[in-house]
Every structure is written in structure tokens, then in C-alpha cells.
Amino acid sequence: MQLLPGHIMGNSDLTSASNVQVRTLVNNNTSAFGASVVMDGMPMSNNATLSQGPFSATAFTGTDLRQVSADDIEEVEVVRGIPSAEYGDLTSGLVVVHSKIGVTPWQFKGKVNPGLMNFSLGKGLNLRKAGVLNFNFDYAQAWGDPRQKTRSFHRYTGSVGYGYDITPRWHTQTKLRFLSARDWTGQDPDAIQDGTESKNTNTTFSLNHNVKIDVNRLLARTIGYTIGVTSTWTDNRTTSYVSNSTGLLPILTARETGYHTVPWETRSYQATGITEGRPLNIFLKVNDAFYVKAGHTRQSFKVGAEYKYDVNNGRGYYNGDERLPYRPNSDGRPRAFSDIPGLHQIAAYAEDQLVWNISKVNVLHVTAGLRFTALQPFGDVATTALSPRLNASLSLTKWLEIRGGIGMNSKTPGLNYLYPDAKYADHVAANYMPQDDPAGQLLVYHTQRYDVPYSKGMKNATTTKAEVGIDFKLRSGKKLSILAYSDYTPNGFGPQTEYFTYATSMFTPEHGLVITPGSATTINYADPAVTLIHYMTTGAIGNTNETRNRGIEFDFDCGKITAINTSFFVSGAYSETKTWSTDQNSSSVKASLLPASYSSYGTTPFKIIYPSAVDYTRYRRFVTTLRAVTNIPVLRMVASFTAQAIWHNSTWSYTADKNPIGWIDTDLVRHELTDDMLNGYIGMDARYYDTAPVGQACVSVQDLLVRVSDNEPTKSPITWNTSFRLTKELGKVGALSLYVNNMLFYEPYLSGNNSNTLTQRNTGTFSFGAELSLNL
Amino acid sequence: MTKYISKLLRVQALLLPLLLCACVDFNDVTEALTVQVQLVAPEELTTSESLGGHDVSMALNGQTITVKSDDKGLATFQGIIPDIYNISTSWKIFQDAQRYTVSGSLNSQLLKEGQTRLTMPLNVVKDPDVIISKIASAGCKDKNNRTYMAGKYLELYNNSDEPVDVSGLYIGLLDSDNPQPYTLENLQEDYNSEYVLLKQAFRIPADKPFLVQPGGTVLLTNSAIDHRDVSPLESDLRGADFEAKDVSGTYQNNPAVPALESAFSRTSGSAVMNLVQGGPCGVVLFRTDEDITTFPRTYAYGKTSGNQWLLLPVRLILDGVDYLKKFNDGVRVKTKRLYTFIDASYTNINATAGWTGEVVYRRTESHAADGHAVLIDTNNSLNDFQVSTIIKPRVYDE
């Protein structure tokens, strides 16, 4: 991936999950979640990946690439632009991986550096008439920073592939994969051990069966099908001390709306939280390929259909000891993933690849495709998407080719988005802790449960991709490609603000608490000390995220300077990602503007509405990379040197100046606020007044205006990085490589434009190690 | 040959130090300074009050040099090594049966050749009856090495000879953000030094008198329970006078202890006193009949959005203690929140992040006839306060 123009050089640290980010500078729910990895014809689906608790914009999304053993890969194709209509359920990039198949000698590979150890062994056996049998075993161990062994990753993978031709026209390939991985985060062995650790295990079995039959009929030259099943067992177990710095920790477990007496802890305690996921993915695909020749044209057609089923049968989140929960707060309610319906997806596609040899020089390639996807057909949350795609290229001269494309991708909302967890809000109602009467102590909370309706009306996230490029073939094998692209997703996944209000009361010894010394305290609910109105969002998820990626990439193969036997390659990219929310932009009144009767309780008399989609976050980066590869045939060595400069890297969290356009009162009535009301007041009764009302507190509308004085992008200073790799061929037996990343150990302290604070740059990029590959 | 080489080496050994010494330039060697500080009387100080005979102190790294001012108010320090010093003075005067503190300070003053004559403007402030006497904001670590903050408290002290009714008295917590939203220079520029920034304000209930006897204390806390089982650094606060009642259900409220009223909070859902463990944790006492919710608010200096603070007029402040954060490179005097006429310097704990059980409390100046302690109040917290991990509530002698 790091060879792609604009990608940042770095270490492959296996101790943290990494996903595919193609042509985007932000790892959000629209981009990373929608990057698809297809392994031997079957997508590695992330649709059944579920997390406990409410929607999180920061949780890891996407497909964890650590599931793939690099040594078992025959070929990787990264599609940054418009993919074939054959591939779907994606918004950003597509990575097509073909694992090794065919006859190979014994192959052993070892990679060792201070933070990583990876060994693999594989062979392809020729069983003659019985076919070809491949197997590969891989073991990886990583611990990130070797000075501080607080993180580690262990991975065992094994795969057995079997290729068999039933007849000369009937080819089958079957692959069985096994993965066992364990992430661990804990305390350094030299530190005091208090049992704090986090362990994440993943066991996956995957079986896929690919068949191609050469029918050789006019409309059915090759018919193929793929059947795939992946079953995963994920268990996350975290043990830690639950802090109790304020001395009263309510154990909130109520699942129903109402007042509940809750147990409490007064001191910190050790707890274990477990999340059990059991995603199951089933994939079926049928494909028909045929071609038509006419004159100087040849048209290759692909038509096919897919069915995907994603379900999670896991127990979800639960505690090692429900009496001492790991998450004793509102987000700690267990949720059985098995209660969530499975996700059915049907897709059909058709594609025509036209090659028109206009002349010996001028050749036109056009690929036009259409893909139709239906999600949960016939269900409550049914939605469909149509994705037309077009790619074209034309050779104008022997040395000049232009190309371009436009197309749509669509990504199905995963189970996590379609079926969000119920939402809970808890407010204390009585906190009566007489120190001389333990029997009378009482802690009562009001729990508000909101069952988030299944996200009806939510659409697939669709990305319209457009790109245009030009390729020059220069003398001496030099090649230059320049490409401009624009990806626009108007309906990515994000929270959708919908309010509802509810009342809770608080009870004190003066009002509501029925106190009998020596006996349990009870509550007279008819006599509250104070009643509060709370706003709560429903937790709904919608298509409220908009993201636009655009940029220019270039790739220049400078050819070889024969005198020094060295080839040079220069690549780079100027990229911009802009993301914003189209969700309702509303907020509570600032506590500093409110009387203590609101600010102390964290309530607001009304919600203010501002124009939406005017604030955004914009990322920009300009990177160039130079690679020099030298062959030293006499020594049978290859040396490669890479230097990368990040000329520009900025983030701009832009907040626009804006006036409020309305407010929502506690009855959820929306009131418009026009320009001629900007000098007025809104009282605590959520009514508008031209002059400050007497007898009640109020907020001046002028105080609600947003005027931002420090709107400026945060720019990082120019940084650079270098790496070096030397490979020695060991005859036909194999090769030994030595490498060093960030070879000049350039980790400078530099300040950015918005701060005088010196921050260390390029951290974590330095590493060195060796790789040995042997063909036995 | 060996003898010759040996002789050559010896000659070289003698010549080399001579050569090196010859290269040394002694012109830039540090020389001790004589520093003169001229005290400048404020208008309020009657001419009959002499500026002579008062202690003027110069402090550096815990070492203090004190000299007496002469009749013209000139204090002369001799043998001062060039460095950055805090210079201060204060004394008491009586006028119309009322005690006043005359004080002045020059904080972070660079003393070097050519910069040895300084002027120190003095301020006169009427002594409050009730003063801030103890700030226990550091918190501690519990037996599981987890942080614990429920045992934080403030203490007020009646330092006068008469009983005082503290009902209706406001306790203001100064801003504690880093970076500081408004420096004193910024406040001078924008508000002519007429305000300080508050993040929270509380009031002792005014519904009935709360008399504090001379030498009596007012103990204010967020959780008036016995915290001693958490750590030996914690205290039994069951006897507190007022408790800022938590409304989030995360502090144990003691119903036997009356509520401290929340009057203003910058942050939502915060009804308890936010006493920052590592500092800054400055506190002011003030009285007013005005509705403090009508006081102006401000964003951080130069900003028009973000957090807002309450602007408290300094004319209302009765007593103030500037409690600053100690960084790895020491306390940054530039982060002072209070003007020097309220607190000429600052106090701080020794830990940079807190959780050490450290308490800052006033030193005892003397004992009254009835035996109660009279605490030092020179409006100069470096002089007035000390740090302890064993001092207990309502106690001033370790």
C-alpha cells in the first residue's frame, strides 16, 4: 500500500488494527468502513461487526488487514478509482487479493526486527491427476515498542488450497483458511502487576470454493460461481480497575424506564468486561462471461448475481461479575448480538468491456457497467442502490494515452448502523447517605430507555467517483502518469439528531424522602424537591455525513541510468479530504449563560438551532516520494533507497460565524428566529421577548451568536523520511534482506503554525531488521 | 631519548595551564550587586504613616533576604547575585479602629548590572475578618493506586477578635484553564484591572445567620463523610459546616450537613466545587447584594467563541489566595490570576499533578489571649501559606 502515490511511509506495526484508506485523509465511518477487501473472490465482510453501546464516530471501522498473511499472497490489486461492476458494497477503495495457488517449492520466509517476528512456510504440491494442493502456515509475533512490552500481537494462520480440474473445461479451486490472532495490552513485565490487561482474540475459519466452467457458447463462454463461508469467534476481555474518584459509583443496570433503587460502590474495584462476537458471513456469486467480436471491436461481457448474508450470533457485551461491572455507567448495559437480525443483500451486475482498435495506434477501451444492490429485501429497512460505472481510455499516439471514468459505489450500512443499541440515560433522583444510619442510606436513579427504531429510511452510502488522467510513454522506457480525481459521498453514515424530552424528579430529606431512622428510606414520589426536563437524542443513525476527497496523483518512472545500473521512480500526490455533517446543528445553551438552577443540573431550557453543513473539517497533504533501485549483478545484490517529503500537511476544523435560526422548546416545538429578533431575549420559559423579561432569567440572543476569531488551519512543518533496503540473492535458494526505516533517525521537535509547543515528528517510524526467504 | 621525552612532557604540563589561564577574560565575571527598592506610598496612606522601619524581603529558590526600609522608604540589599527574584513587603496599620494591610510586591524581577534601583508601589487593603485559611485540593491515590478527589475541602477562618456572621458570603473559584484565558496583563488591557475571572461561585446560605467565633473555622467540602479508609492522607469531614450538594449522584452527600448554594458554574452539570488537584486553584471571598448572574461574562482573551467565565468586580473581593500550578520548571508567576493588591504572590503544592494529599494552609502568627491562633495575613501567600500532608481540618498547628 505504501507504494501508492501519496501514501505515507511507516512501519507495519501489527499491534494495532489497520484498515484500508485509499484516497482519503480521514479514517471515518464513510471512508474506512467502505473500503472492501476481496480475498480469492469473496469479500471480507465487515457488515456483521458489532460494537456495544451507542454509535461511535471514533471506533475502529473497516476490515482489519492483519487478518491477511502477506506471505500467502500471490497478487494484490488496489483499485483506487472506479472498480468493475463485479465488485460492490464499498465506498472508497477496493483491494483484490489472490492467494497462492499452483505448484511451488518449499518456501520459507522469516522477518525479524526488534518489534516483530514473522515466519511462514508454504508449498504447492502437484498431485498429478488428483490436482494441486497448496498449504501455507504463518506465525507472527509483534510487540510494538521493544523497550516497553505493554502491547503484543500473536497470529497463527494456516491455509490449505486445493485446485482440481474435473474436466479440462471445469476448473475448481477450494481454499480453507484458519486464523487465530490475539491482541494483548497490559502492563510492562517490569511494572507492578495489578491485573490490568486487555485481551482480544479472533479465531476465523473461512472456506471458499471457486469454479469456472468453459461452456464456450455464444452467450456463455465461461460460467463461474463462488461459494464462501466465514465464521469468526471474537472475544474481547478487558480487566481493569474501575476508578471511583468521587466516592460514589452507582451500579446502573436497569433496563426499563422508571425510578430504580441502585446499589453502589464507594471505592475503586477490579472488574472484567467481555464482548463476545460471532460474525458469520455467507457469500454466493454466479458469473457469466462471454465476448462478441465485430470488425475492429471486441466486447467482453460479464453478468452476474450475488447474495450475501451477514449475521452475528455472539453474546455481545457482558461482565465477568455483574455485581461489579466493568462499565457501571449508562453505556454498560449488555446487548446480545444474537438478538439482531441478519443482513441479507442481493446484487446483480452487468458489464461490457469494449476494445476498439481504431487504428494501429489509436485504441479505445471502454468499460461500462451497472450494479444493482438490494438490502434486506422485503424487510422493514429495505433499501436499494443502483451504481452505474464507466471507465474509458484512448491511445492518441504511441506515447500518449488519456483516460477517465465516472461511477458510483455504494456501501451497505452494517448491522451496527441498521440496528443501533437501545439508548439509556440515568439521572440521580435521591442520594441520601446519612453517615450515622447505614440502614437508611438510599440511592435512586431514574433510568430513561429509548429503543432506537431500526434505522428506517437509511440509504446505502453512495460515492460518486470521477477521475481523469493522462499517460506519457517517453523514451528509454520512461513513463509519466498524472491523474486528477474527485470522490464525493453525500450520504455517509452519521448520527441523526432527533430529540425527545422527559421529566425526572429529585427527592431530598425535605421533599419526598420518607425517613425512619434505623429503617430503609422510601420515597413519596408525589412530593419532589425539583423536577427537571431533559432533552435526549434518539440515537438514530442516518446518512448525515458528507465527504469529498479530491486530489492529483502523479507517478513518474524515470527509467534506468545504465552507468550506475539504477532505476529511479518519483511519485506524489496532493490530496484534500473535506468532511462535514448535514445533521441538524443544535446545541444546549452554554452553562455560563444560565442560572445555576440549570447549569448545576446540566439541563437547558431550550435547544438552539444553527444552520447546518456550514462547519467542516478539511485535511490537506502534499507528499512526494523518490525511490532509487540499484542492481549490483556482480554481488547479486539489489539496493533500494526511498526518500519521502511531506511538503504540506494541514487540518482545518472550520467553524463558521453563524446566527441562531431557531430554538426547540421542551415540548419539542420548533420556533423560528429571524434576523429582526437578534437583539431580543429568550426566557427560561423558552419564549421570545423583545426586552429582557422581568421575573425570570433570560438569555440574550446576542450571546447565542457564534463568532469565531481563531479560524485557522493547523499546519505541520515540512518533514521527511528515508529508508534503505539491501537484498542479497542466495543463489537459487533464496534471498536475505536487511532494511532500515527512517534510516537517518529524523525525529525532530518542531512546532506548528498555531502553537509554540515543540512536538516530536516522525515518531514510531524508525525500525530495522532482516528478512530471509528460502526456496527449499 | 626516554629522558628527553619525559622532560618535554613535564614542560608541556606546566605550560598548558599557563596558556589556558592567559586566555580567560575576567571582565564578564558575575559580581554581587547592591539593589535599592524604593517603596511608593499609595494615595490612601496618610502622610503620617512612615515608610521606614518595615521588612522588605527578596526571595529566590526558598532563600529569603530581609532588610529594613529607611525613613524615606528605601530598602537596600547588598551582595545580591544577579538572578530573578520575588521582592515583597507588607505591614499592618490601624486606622479608625480598623486593621489594614499595606503591601507591595515585584514578582519575577530580573536583577542585573544596571538594573538595581527599583520602585515598589504599595497598596492598602482593609483586613477581612474572615480569611481563606486552608485549601485541600490535591486529592490522593487510593489503595488500588486510583485517584480519589472526594475528600477535597476549603476552610475559612475568623481572624478577627469578634464573632462574624458568614451567611451570604460568596466563595469564588478562579479560572483554572491552561493556557490561561486571561493574564493580568490582558485584564489590564481589556478591563482596566477591574475584574477577575471566575469559573464557579458558591454562597453560604443567607436564610439564617451563621456565626463564626474568633479563631473559628468554616469547613466547606463536596462530600462530608469520613474518607480516612481511602488513604492515611484523607480526613474525616463529617463535621463539615457546608457541603456542595452533588446532583449527579456521584458524591456521597451527608444529609446532616447543610447545603452550600451553587451560584454560578461555567460548566454544565457541575454543582460541586471543582478544586483542581494540581492547581491552579485560586479562591476569593466576596460579598454583594447584586445578582451575580447579571455580572458580565467573557470569552478567553482575543476570542469570540468557546468557553466563558464570569467577570467578578475586584471591588467586591474581601480576600483572595492565588494558588498556582507547579510545572516541571517551577511555578510560572506569569500565570497569576489575582492582582498583587489582592495577593502579592501565590501559593502552590510541591507536586506538579497533585494526588499527594498536600494541603496549603496559613501559618500561625500568634495566639490571642483566649488561646486561639491568629493567622498570618499579609496578602502575600508565599509568606502566609505553607504546605503539609498531615495537617487536619480546623487545625493550624501541626
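Here is a short report on the structure shown in this document. (Residues numbered from 1 in each chain as written. Chains lettered and ligands numbered in written order. Predicted model: local features only at pLDDT ≥ 70, side-chain atom pairs only at ≥ 80, totals over all residues. Heavy atoms only, no water.)

Moving on to the overall build of chain B. When you go through chain B residue by residue, the secondary structure sums to three helices and 29 strands. If one aligns the C-alpha atoms of chain B with their principal axes, the spans along those axes are about 100 × 60 × 55 Å. When the 398 residues of chain B are sorted by exposure, 53% land in the buried category. In chain B, the proportion of contacts linking residues at least 24 apart, taken out of those at least 6 apart, comes to 69%. Put simply, chain B has 36 plus and 48 minus side-chain charges, and the middle of one group is 9 Å from the middle of the other. (Helix = DSSP H or I, 4+ residues; strand = E, 2+ residues; numbered from the N terminus. Buried < 20%, exposed > 50% of the residue type's maximum accessible area, 1.4 Å probe, protein only. Contact = heavy atoms within 4.5 Å. Lys, Arg positive; Asp, Glu negative; His and termini not counted. Charge placed at Lys NZ, Arg CZ, Asp CG, Glu CD.)

Let us now look at the interface of chain A and chain B. Every contact between the two is made by 39 residues of chain A and, on the other side, 41 residues of chain B. Each partner contributes to the roughly 3,200 Å² buried at the junction of chain A and chain B, and carbon and sulfur atoms together form 45% of this total. When the buried area of chain A at its contact with chain B is split by residue, A:Arg267, A:Gln435 and A:Ser592 rank highest and sum to 19% of it. Counting across the interface, chain A meets chain B through two salt bridges. B:Arg146 is the salt-bridge partner of A:Asp194, the closest N and O atoms lying 3.1 Å from each other. On the surface where chain A and chain B come into contact, there are 21 residue pairs in polar contact (both at pLDDT 80 or more). Those elements giving two or more residues to the side of chain A that touches chain B turn out to be strand S11 (220-242), strand S23 (423-432) and helix H2 (596-599) of chain A. Looking at which element gives the most residues to the side of chain A that touches chain B, the answer is S23(A), with three residues. Looking at the side of chain A that touches chain B, its residues break down into 17 nonpolar, 16 polar and six charged. (Buried area = accessible area lost by both parts, 1.4 Å probe. Salt bridge = Lys/Arg side-chain N within 4 Å of Asp/Glu carboxyl O. Polar contact = N/O pair within 3.5 Å; in protein donor to acceptor, adjacent residues only side chain to side chain. Nonpolar A, V, L, I, M, F, W, Y, C, P; charged D, E, K, R; others polar.)

Under the criterion given, the structure shown has 43 salt bridges over all chains. For the salt bridge of A:Asp451 with A:Arg449, the shortest nitrogen-to-oxygen distance reads 2.6 Å. According to the relative accessible area criterion, A:Asp451 is partly exposed, its value standing at 46%. Where B:Glu290 meets B:Arg315, a salt bridge forms, and the shortest distance between an N and an O atom there is 3.5 Å.

Here we take up the side chain of A:Asp72. Residues and elements named next belong to chain A. Within the secondary structure layout, Asp-72 lies in the loop between strand S2 (42-43) and strand S3 (73-79). Look at Asp-72: it is buried, it has no salt bridge, and the nearest opposite charge is Lys-175 at 4.3 Å. Polar side-chain contacts of Asp-72 include one of 2.9 Å to the side chain of Ser-159. Excluding anything up to four places from it in sequence, Asp-72 contacts Ser-99, Lys-100, Asn-136, Ser-159 and Lys-175.

All names here are of chain A. A sheet is described by the order of its strands in space; here three strands give the open sequence S13-S24-S23, paired in antiparallel fashion. The open sheet has two free edges, formed respectively by strand S13 (258-261) and S23, since each of these has just one partner strand. Ignoring strand direction, the axes of neighbouring strands in this sheet form an average angle of 30°. One ladder, built from four bridges, connects S13 with strand S24 (residues 442-450); its direction is antiparallel. Counted as the bridge partner of Tyr-259 is His-446 from S24. (Pairing = 2+ DSSP bridges. Axes fitted to C-alpha atoms, helices over the stretch in contact; angles between N-to-C directions.)

Quick look at helix H2 (residues 184-191) of chain B now. All names here are of chain B. Within H2, burial applies to Leu-184, Asn-186 and Leu-187. Relative to the axis of H2, the buried residues are bounded by an arc of 155° and lie together on one face. The exposed residues of H2 that point more than 90 degrees off its buried face are Glu-185 and Glu-189. Buried-residue contacts for H2 involve strand S15 (195-203). Positive backbone phi, approximately 55°, marks Asn-192, located one or two places after H2. (Arc of directions from axis to C-beta.)

Attention now moves to the sheet that holds strand S34 (residues 607-610) of chain A. All names here are of chain A. Ordered by their spatial adjacency, four strands build an open sheet running S33-S34-S37-S38, and the pairing between neighbours is antiparallel. Each end of this open sheet is capped by a strand with a single partner; those strands are strand S33 (585-588) and strand S38 (670-672). In this sheet, neighbouring strand axes are inclined to one another by 25° on average, regardless of whether the strands run parallel or antiparallel. Where strand S37 (residues 662-664) meets S38, three bridges bridge the pair, whose relative direction is antiparallel. Bridged to Ile-664 within S38 is Arg-670.

All right, on to a nonpolar patch on the surface then. Residues and elements named next belong to chain A. Side chains of Tyr-156, Val-160, Leu-176, Phe-178, Phe-205, Leu-207 and Trp-233 sit close together on the surface and give an oily, nonpolar patch of about 610 Å² of accessible area. Of all the secondary structure elements, the ones that give two or more residues to the nonpolar patch are strand S8 (151-167), strand S9 (170-186) and strand S10 (197-217). Within the secondary structure, Leu-207 is located in strand S10. (Patch = residues over 30% accessible without salt bridge, like charges linked within 9 Å, V, L, I, M, F, W, Y side chains within 5 Å. Areas by Shrake-Rupley, 256 points an atom, 1.4 Å probe, with all protein chains shown as cover.)

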